[in-house]
Amino acid sequence: MKEKIPQEYDNVLLKNGKIATLMDQLDETHFWADYGTETEEEERLFWEAPPVSIDDIEKVISRPK
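The following refers to the structure shown. (Residues numbered from 1 in each chain as written. Predicted model: local features only at pLDDT ≥ 70, side-chain atom pairs only at ≥ 80, totals over all residues. Heavy atoms only, no water.)

**A closer look at the nonpolar core**
Phase 1: Membership of the largest hydrophobic core is limited to twelve residues, which are Val12, Leu14, Ala20, Leu22, Phe31, Ala33, Tyr35, Leu45, Ala49, Val52, Ile57 and Val60.
Phase 2: Apart from residues no more than four positions distant in its own chain, Tyr35 is found in contact with Leu14, Lys18, Ile19, Ala20, Glu42, Leu45, Ala49 and Val52. (Core = buried A, V, L, I, M, F, W, Y, C linked by side-chain atoms within 4.5 Å. Buried < 20%, exposed > 50% of the residue type's maximum accessible area, 1.4 Å probe, protein only. Contact = heavy atoms within 4.5 Å.)

Right under this line is the structure:
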């Protein structure tokens, strides 16, 4: 099975074990990611985290249709 290349709005598993949604593609290899905002820590992470590199992504979990 061919591996999916990450795109905007994909749900992905990061190599650090976190699940994120790629919200905005900044360039060919970087995305702003949403980690969910159920806790204060997740809210802080959303606003302070650096962009996610394609190298940080383990795999694409799902893609909206």
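This is not the end of the story, as more comes after the structure.
**A closer look at the sheet that holds strand β1 (residues 11-14)**
Phase 1: Taken in spatial order, the five strands make up an open sheet running β4-β3-β2-β1-β5, and their pairing is antiparallel. The open sheet has two edge strands, β4 (52-53) and β5 (57-62), and neither has a second partner.
Phase 2: Looking at chain direction, β1 and β5 are connected through four bridges and run antiparallel. The residue of β5 that forms the bridge with Leu13 is Lys59. (Pairing = 2+ DSSP bridges. Helix = DSSP H or I, 4+ residues; strand = E, 2+ residues; numbered from the N terminus.)

**What about the environment of Asp55?**
Phase 1: Residue position: Asp55 is located in the loop between β4 and β5.
Phase 2: Assessed through its relative accessible area of 55%, Asp55 is described here as exposed.
Phase 3: Sequence spacing of Asp55 and Lys15 is 40 residues, and the spatial spacing of their C-alpha atoms is 8.6 Å.

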